[in-house]
Structure formats: structure tokens, C-alpha cells
Amino acid sequence: MYILSNTVNASNFVSGVDKAFLLIMGISFVFLIGLTFTMLYFMYKYNNKKNPIATQIKGSNTLEVIWTVIPTILVLIMFYYGWAGWAPMRKAPKDTFNIKVTGRMWNYLFEYENGKKTDTLFVPMDKAVKLKLVSLDVIHGFFIPAFRIKEDVVPGREKMAWFIPQREGLFELFCTVYCGMNHSYMGSTVKVMPQPKFDAWYIDTIKHVSVAVDSPTATGQRIMKNIGCFACHTVDGTKLIGPTFKGIYGSKVVIQTNGQEHEVTADDAYIKRSIYDPNADIVKGFNKGLMQPYTGLLSEGDVQQITAYLKSLK
Amino acid sequence: MQTAVPILHEVSYLEYKGKYKGLFSWILSTDHKRIGLMYMYAMMTFFLIGVMLGLAMKLELIAPGRTIMGPQTYNALFTVHGVIMIFMIVIPGLPAVFGNFMLPIMIGAKDVAFPKLNLLSWYIYMTGSILVICSVLFGNGIPDTGWTFYAPYSFKTGTNLLPAIFGAFVLGFASILTGLNFIVTIHRMRCPGMTWLKMPLFAWSLYGTAWIQLLATPVVGITLVLVALERIFGIGVFDPALGGDPVLYQHLFWIYSHPAVYVMILPAMGAISEIIPTFSQKHIFGYKAIVASTIAIAFVGYFVWGHHMFTSGMSGTAQYTFSILTFIVAIPSAIKVFNWISTMHKGSINPDIPFLWAISFIFVFMIGGFSGLVLGALATNVYVHDTAFVVAHFHFIVFGGVGFAFFGAIHYWYPKMFGRMYDKAWAKIGWAFFFVGFLTLYSPMFYLGMMGMPRRYYDYLPEFHAANILSTLGSWVMAFGLLIIIINLFRSAKNGAIAPMNPWNGKTLEWTVPSPPPTENFEDIPVYGEKDGPYEY
Ligand code: HEM
Ligand SMILES: [Cu+2]
Ligand SMILES: [Cu+2]
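Residues numbered from 1 in each chain as written. Chains lettered and ligands numbered in written order. Predicted model: local features only at pLDDT ≥ 70, side-chain atom pairs only at ≥ 80, totals over all residues. Heavy atoms only, no water.

S.K.: Explanation requested: the overall build of chain A in the structure shown.
M.R.: What chain A contains, in helices and strands, is six helices and 13 strands. Projected onto its principal axes, the C-alpha positions of chain A cover 90 × 50 × 30 Å. A burial count over chain A gives 46% of its 314 residues as buried. Restricting the contact set of chain A to residue pairs at least 6 apart, pairs at least 24 apart contribute 63%. Counting only carbon and sulfur atoms, one obtains 60% of the accessible surface of chain A, whose full area is about 15200 Å². (Helix = DSSP H or I, 4+ residues; strand = E, 2+ residues; numbered from the N terminus. Buried < 20%, exposed > 50% of the residue type's maximum accessible area, 1.4 Å probe, protein only. Contact = heavy atoms within 4.5 Å. Areas by Shrake-Rupley, 256 points an atom, 1.4 Å probe, with all protein chains shown as cover.)

Encoded structure:
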């Protein structure tokens, strides 16, 4: 169980949350076991074979008062611990390391203040990290179990989460709000590094995980893989959420623009438009609003690389 | 006390020949007992479909990665499973079946206040249900939003969502009309001498429920209409791209859907409050406290919806207010449990099958309730919200609570409804498998949630594997128990031993009429004297 395992104190919130958990569970177990045994004991002791005549008792005001007051006190204590473990989550300290988290179907993108972008969350140990959470499409849930933090990522709002990582290592990160087909794959990893190691990584200027570039189309493929196009598109002819890329370049595509159906040839301009403004032209048979504009996320150069790769998919 | 019951054979509601024959004598009948049974048969069918979807999901989750279906199918399964179970079974559930059948008899009336409206409610219920099923069978893609229809995914998905939303909307009207009918019935049709505080507790629970149905259901109706309009015309109420607010949707949805949880559980508590005194042969302990707690739950239940939204985005003040109110609403439930257990004290307990269902209800309901405390506290809610922990919690409450009470109620009232007794040995075997299977199926989900496994997950990390295997095995044991229970009940309706009028020596009015009851219930309306009451042993 996480509560008892090596994630102890993985973040500054763990002890507060776990204290509330153990308190509530402890009181609950005492009551559950006590009441269950009382019930079984009565069933045995007052069985109609042993006790053929029931004693009629209609109630007792004293007991009613006792078992209203005691649980009320207990739940108020539980409330207090719940509140105490949670209150610090709402207030981030002043001096924080800031990261912007962008959720979209079905991955997270992490942007650091120096312009670095990653799909794994890298954070420095023992430093307050503040996340700015935004979503480009539907609601996602940002959840790092080991740190006990969770915040919904709501489109149209800017949400905040913060924490101080206190243990070096890799931790899981999940999406918890159902967001469509690949919801269960929208996870990632958090990597906590001691400050010096983190700094070395941070100033390293190669932005993405670098892969050897061996053919003119490999870069395009890599960009698409990193940013998550293949969650919705395939290259082998199967239709997922979006159309397949197989043979797309130069083909005739039937699209709807403002409800008008017409045919276009998939050329460079069309592909660029499909990436920067996908909801202007909708491919027939697919739905509007699923693919989000990649403006600001992919540069003109990236789009050229992607186009080169798409050309190669005969 | 009540008027003497004629021993000679009266035409029962099952044999009664009215204007119509065959099927029509049922689907055109305004007899509350026939309508109750029609609800039951419809719900049993839907329930079995829902169970099979649940089993298919569990089979898929037996191993990480793809087992028998793809992610889109899995998402469709939990959506349809949730919609069927919530909107078509547990919300209408006990009121529609046992409320219809028993309420008029228990308060000494010949029928509900508006019998035709009652039949109309059944038709509305069937229409809504068929619409939901149409969304599965026709159109491009089975709905995949989850039963909560959260914005903005619910208007982004390309699947056939509209019939499902419309179906849930229509089902709401069946609920409203049944609630209205019961309120009027309880106010106007109690037999002479049955004061409010002599009313059986099941009737009280239906009364509390009926007010929630009447007042809360319209909220979800309008919300669903807004989602439909958003989908068709893009009106921009919930869609952030058009300036709307998706969190507003969640508020509206839960303003209904939290009270709806009490629509499910209150009648279940009512049924348990009948079974326990009968099988203890003892006056219920703390009648007034149970009545008061019923009303308290129905009332405070309106103000806790925010506990579903602690991570959605609310002010801190709103968050701890909702947290504290959630803890307050737990107290009346605890009071009920204390009173039930005290009723057993110094009783003369007949540990027969309805009693077994009742105490297993108390056990699983306590687990559900305690896990609810974990969800009510802010710090722990943030941690386990939207994980398998929540899935375990609500199955313990809605399936463990409402489901166990439903099975308890059916074994309790079966001899009255059908005039025959089921095979008790098989009933116990079925119960045992069901109970063990239930715990094996859902307990591991608490653990999974505490490990951090999110809900609505088609695939999971290898570290969650062992608990998932156990849970799937549990689902098979439970399904086996369920099969035994249902076959036993079905076969006994024809072949069971003839049941006497009052097999359990109950004191409520339904035990004073023949089994099965005659069409008119009572030849002469019973009269409660000074010393009479539903629990006077
Ligand atoms: C054989 C019986 C059942 C099995 C095996 C079962 C299993 C499941 C499973 C595996 C899920 C999906 C959890 C997830 O992926 O997050 C689920 C969801 C759900 N179940 Fe059940 N269940 C059963 C009976 C019931 C009953 C009786 C009810 C209602 C009273 C119910 C209500 C729900 C609801 C509301 C959901 C949530 C759907 C959603 O996330 O939109 N289930 N069930
Ligand atoms: Cu997501
Ligand atoms: Cu709730």
C-alpha cells in the first residue's frame, strides 16, 4: 500500500494526507469490527431457539443522544484532519520553480521557463515546484499518487498545483478524469533529481530526447511521436479517431468547410492548415473539435519535417 | 386489531380477470401490484444486461493490455453499464417495485392515489429505457462518456450520445410522477387511525424519497437538455471554446445526482427497517429516531453535492463547507445502523434468509459508509478521488446497499407477492456465494485505489495486476451466486410450496391480507385502534 510503502515523504503533503487516512481508517475499523461482532453475537445469543420470547423494548432517549453526539465529535475530528492535510495544497509559497503543464488527448506536455519542453516531468528535489495546468481540449486529471496531489485540468481555466519533492527517483503520473479512448494511456513519469543533477539537465540545450537522424523523414516521425499524433492517426491504413496517414499526401480528400462539402488535394498547404487550424476543414466522416490546433506547439520547420514524413507514406 | 381476514379463497391479483386478456391484462392494468411486477420484470432484464457488461469489463481487466476488447469498447461498456445500473435500475428500483406493490397495502389503501398516472409512469420508464438501448444498437458508435456525461467531452465525442441523454431525461419523468403519486398516496390514503407516527418505516422512507424525486429530478432534466442543445447547436453554456463553463455542468449534474444517491439508499434502509423487527419479533428500536434520520438525510442530502468536485475548481471556503456537510450527513445513517442492531438485542431472532440479507446489508453498508468518510475528508478525497477506491465505494453503497436490500426485500415479500415460498436451502447457498463473491470482487478495488489506480482505466500498470486478478475471480463467484438466486426465485413462482398468509409473523398490514393479495387488497379498509401499530409484537 502506498500509505505504508517507500513513497513515505515523497512530497511535503504525504504525511498530512496519510495521517488523515490512518485516523479515519483506524476509527472506522474499530466501529466496523465492533458493530459486526455485536450483530453476530446478538444473532447467536437471541436466537429464537435459545430465546423464544422477545423482550419488547421500544427505544431509549439516552442511547439516541449518546450515539448522535459521539459520532458527531468523531466526524468533526476527521474533518479537521482532512482539512489540515489539504489546506497547504491550496497555497503555494512565493519562490517556486514554475512549469507549465498542457494536457491534451492523450498526453501531457511540460514546458519550463527556459523554453525546454518534455513529455516526462523533471523536477528538482527539495524545491517548491509550481505547476500551471491548462487543457487544450477536454477535462483531464493531473495525479501523482506518490506526492498525493491531484487537480483537474479544465479547458478555459488555469489551475494550479504545487509540491516539494523530497525523494529522488521516478514516480508515476496519471490522468484521472476520463478523456476519451486512450484515457488509460495518458500517463507519464515524474523524475526527481537532486539540485545539481537537475541543473545540469536543465541547462542542457538539446530540447527533446535526441534520436539519431538517419533519414530525411525520421525527424518528422519523431516529432509526431513525441507530440502524440499517433494517438489518433495511424500510418497503416486503420482509422482511429482521425483519418490514417497512409497515402495521404497528394490524395483527394473530401472535406467540409462551414458545412459545404468539397474536394481538395492534400498538398503542403492543406497539411499545414490541417495542423494549425484543424477545425476549419473537417474530413468527411470524422468529427469536429477532436484535433486541437498545434499553433505555438509546432514550428513551421516542424510542420515541414512532418510533411516530408507524410510524403513518404505511400 | 385489523378487520378479520376471510379465510375463504378470494381471487388474487394474479388470477384476476378484468376487461383484457393475456398480456393486455398486464400492460393495461392499473393495479399497483401488477405495475410493481412489470417494473420488476423489466428491471431484472436490464439488470442482467448490466451485470453481463460488468463481467465483460472485469474479464478485460484480468490482465494488463488487451484481453478481449479494445479501449473504445471498454469505454462504451462502462458507460452503458453505468447508465443502465443508475438510471434504469437503482434510482427507480425499490420504490417502483416494492413501493408500488407494498406501499398501498402497508398503509391500508386499495391502490395508489392516481392509478392511471402510475401506469403512465411505467410506460414512460419503458420509453426512456428503450431510448437508452437504441443509443447502443443504432447510430455511429456506442456512447462513451461515462454515465456522468461530463462536459466538454460529452459534446466532443462522435458517438451516438443523444438517444442516451434523451433516454435519461425521459426516465426522470417516470421518477417525478412516481414520487408525486406516493406523496399524495401517503398524505391522503392512510387507513383510519394510522397517524404519521404509526406508519411503517418503509412507507416513511418512500415518503422522504418521493420528495427528493420530485424536487431534484427536474434539475438533471434541464441539465441534460442543455447538453443536448450544446451538442446540436453549440449554444456555449458549457463549452469553454465558446465562453461556457464545464464546471458549471458538474454543479448542475451533482445537484441532482447526489440526492439521487439517497433516492437509491433511503428505500433500501426502509426495507431493512421492516425486515429486522419482523425477524427479531420485536418492536423496532427508536422508531422516531429512524424517522427523523430519514428526513434529515433527505434534507441535508441536497447540500453536499460539492464533494464530487473537490478537484474541479471551487473556492477553499466552498470546499470545506461541502466537506463538513458531508460528514454531517453521515450521522443519520450511523444512527440507523445503531437502531437496527439494538432492535436485535433481546429479540427472538429467526435467522432466515431475509434476515441474512439484512445483516449482510448492514455489513457492506458500513464498509461503504466508512469509505465515504475517507471521501468526505478533503486531504484523503484529493488522493483517492477518481480512482478505483471510488468505484469500490459506490459499489459497496449502491450494489452492496441497494442491491442487498433489494434481494432481502424480494426474499421477504416473495411469499406475499406470489403466494409461494422459494426453496430456502438454495436461497442460502445463492446468498453465500453472492456475499463472498461480492467482497472478493470489490474489496481489492479499495486497495487498487489506495495504490493510485485511476478509474475508467482500460489498461493498467503491472503493479496493479494481482489485485485485479482477485477481483475478476470474485466477479465469477458472485455471478454464480446470482444465477442460483434468480433461478430459484423463478422456479419457485410456479413450483414453490404454497405460502401462508403470514409466514414470518410480521405485524405490518400486508401480512393481514391473503397471499397473493386480492385485486382490491382489503375487503374492508382496516382501522388502526389506539394500541395498534406496525411493530406491536
Ligand atoms: C456483476 C455486477 C457488477 C460488476 C462486475 C461491475 C463492475 C464494474 C466495473 C468493472 C466498472 C468500471 C470501473 C472502471 O473502469 O472505472 C463499473 C462501473 C460502474 N458500475 Fe458496476 N459492476 C456491477 C454491478 C453494478 C451495479 C449493481 C451498479 C449500480 C447499482 C453498478 C454501477 C456502476 C456505475 C455507476 C459505474 C461507473 C460507470 C462510469 O464510470 O461511468 N455496477 N462496474
Ligand atoms: Cu486525460
Ligand atoms: Cu455525493
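S.K.: Which parts of the structure should I look at to understand the interface of chain B and chain A?
M.R.: Note: interface size is frequently given as the accessible area lost on complex formation between the parts. Tallying the contact residues gives 87 residues for chain B and 79 residues for chain A. Summed over both sides, the interface of chain B with chain A buries roughly 7200 Å², with 69% coming from carbon and sulfur. Broken down residue by residue, the surface that chain B buries against chain A is led by K156, F338 and Y383 of chain B, which jointly contribute 10%. Counting across the interface, chain B meets chain A through two salt bridges. Here E536 of chain B ties to K58 of chain A by a salt bridge, and the two come within 3.3 Å at their closest N and O atoms. Inspection of the chain B/chain A interface yields 30 residue pairs in polar contact (both at pLDDT 80 or more). When contributions to the side of chain B that touches chain A are tallied by element, the ones reaching two or more residues are helix 3 (71-90), helix 6 (153-156), helix 9 (246-280), helix 10 (287-300), helix 11 (316-344), helix 12 (353-376), helix 13 (378-384) and helix 15 (424-451) of chain B. Per element, the largest residue contribution to the side of chain B that touches chain A is 14 residues, and it comes from helix 11 of chain B. Taken together, the residues of the side of chain B that touches chain A break down into 50 nonpolar, 26 polar and 11 charged. (Buried area = accessible area lost by both parts, 1.4 Å probe. Salt bridge = Lys/Arg side-chain N within 4 Å of Asp/Glu carboxyl O. Polar contact = N/O pair within 3.5 Å; in protein donor to acceptor, adjacent residues only side chain to side chain. Nonpolar A, V, L, I, M, F, W, Y, C, P; charged D, E, K, R; others polar.)

S.K.: Can you help me understand the site of ligand 1 in this one?
M.R.: Residue and element names in this part refer to chain B. As a matter of local geometry, ligand 1 sits amid 25 residues, with Y74, H81, W147, H395 and R456 nearest to it. Side-chain polar atom of Y442 to a nitrogen atom of ligand 1: 3.2 Å apart, as the coordinates give it. Contacts to ligand 1 include R456, whose backbone N or O atom sits 2.4 Å from an oxygen atom. Contributions of two or more residues to the shell around ligand 1 are made by helix 2 (32-60), helix 3, helix 14 (388-418) and helix 15. For the shell around ligand 1, the class distribution of residues is 18 nonpolar, four polar and three charged. (Near = heavy atom within 4 Å.)

S.K.: Can you help me understand the side chain of S293 of chain B in this one?
M.R.: All names here are of chain B. Assignment of secondary structure puts S293 in helix 10. A residue is classified by how much of its surface remains accessible, and S293, at 3% relative accessible area, is buried. Those residues in contact with S293 that lie beyond four places of it in its chain are P332 and K336.

S.K.: For this particular structure, what's the right way to read the coordination of the iron atom of ligand 1?
M.R.: Residues and elements named next belong to chain B. On the protein side, the iron atom of ligand 1 has H81 (NE2) and H395 (NE2) as donor atoms, found 2.0 to 2.1 Å from it. The site at the iron atom of ligand 1 holds six donor atoms, and with the angles between them running 85 to 179°, its shape is octahedral. Taken together, the residues span a long stretch of sequence, with H81 in helix 3 and H395 in helix 14 at a distance of 314 residues. Across the pair, exposure class does not vary: H81 and H395 are buried alike. (Donors = N, O, S within 2.8 Å, 3.2 Å for Na, K, Ca; no water. Tetrahedral: all angles 85-135°; square planar, octahedral: opposite > 155°, others 65-115°.)

S.K.: When you look at the confidence of the model for chain B in this model, what are you seeing that I'm missing?
M.R.: Note: predicted coordinates in regions of low pLDDT should not be interpreted at a detailed level. Residue and element names in this part refer to chain B. Per-residue confidence for chain B averages 91 on the pLDDT scale, and 98% of its residues sit at or above 70. In the predicted structure, residues 1-7 sits below a pLDDT of 50 and forms 15 contacts with residues beyond four places in sequence or in another chain. For this predicted complex, the interface confidence comes out at an ipTM of 0.91, alongside a pTM of 0.86. (pLDDT = per-residue confidence, 0-100.)

S.K.: Could you clarify how one ought to interpret the coordination of the copper ion (ligand 2) in this entry?
M.R.: Six octahedral donors at a metal ideally form angles of 90 or 180 degrees, and four tetrahedral donors ideally form angles of 109.5 degrees. Residue and element names in this part refer to chain A. Coordination of the copper ion (ligand 2) by the protein comes from H140 (ND1), C175 (SG), C179 (SG) and M186 (SD), over a distance range of 2.1 to 2.4 Å. The site at the copper ion (ligand 2) holds four donor atoms, and with the angles between them running 89 to 123°, its shape is tetrahedral. Donor residues binding the copper ion (ligand 2) come from one chain and are separated in sequence as H-x34-C-x3-C-x6-M. Comparing C179 with M186, the two get one shared label, buried.

S.K.: What's the story with the pattern of salt bridges in this structure? I'm lost.
M.R.: Counted under the stated rule, the structure contains 13 salt bridges over all chains. Between K272 of chain A and E300 of chain A there is a salt bridge, with its nearest N and O atoms 3.1 Å apart. Of the two residues, K272 of chain A sits in helix 5 (residues 268-276) while E300 of chain A sits in helix 6 (residues 300-311), which places them 28 residues apart along the sequence. Among the ionic pairs, K424 of chain B bridges to D352 of chain B, the shortest N-O distance being 2.9 Å. Separated by 72 residues along the polypeptide, K424 of chain B in helix 15 and D352 of chain B in the loop between helix 11 and helix 12 bring together distant segments of the chain.

S.K.: How do you make sense of the sheet that holds strand 13 (residues 281-283) of chain A when you look at a structure like this?
M.R.: Across a sheet, strands are paired by hydrogen bonds formed along the backbone, either parallel or antiparallel in direction. Residues and elements named next belong to chain A. Read across the sheet, three strands follow the order 12-11-13 without closing on themselves; strand pairing throughout is antiparallel. A single partner strand is all that each edge strand has here, and the edge strands are strand 12 (260-265) and strand 13. Neighbour-to-neighbour, the strand axes of this sheet turn through a mean angle of 45°, independent of strand direction. Where strand 11 (residues 252-257) and strand 13 come together, three bridges link them in antiparallel fashion. By the bridge assignment, Q256 is partnered in strand 13 with I282. Those strands touched by helix 5 are strand 11, strand 12 and strand 13, and its axis lies near 95° from that of strand 13. (Pairing = 2+ DSSP bridges. Axes fitted to C-alpha atoms, helices over the stretch in contact; angles between N-to-C directions.)

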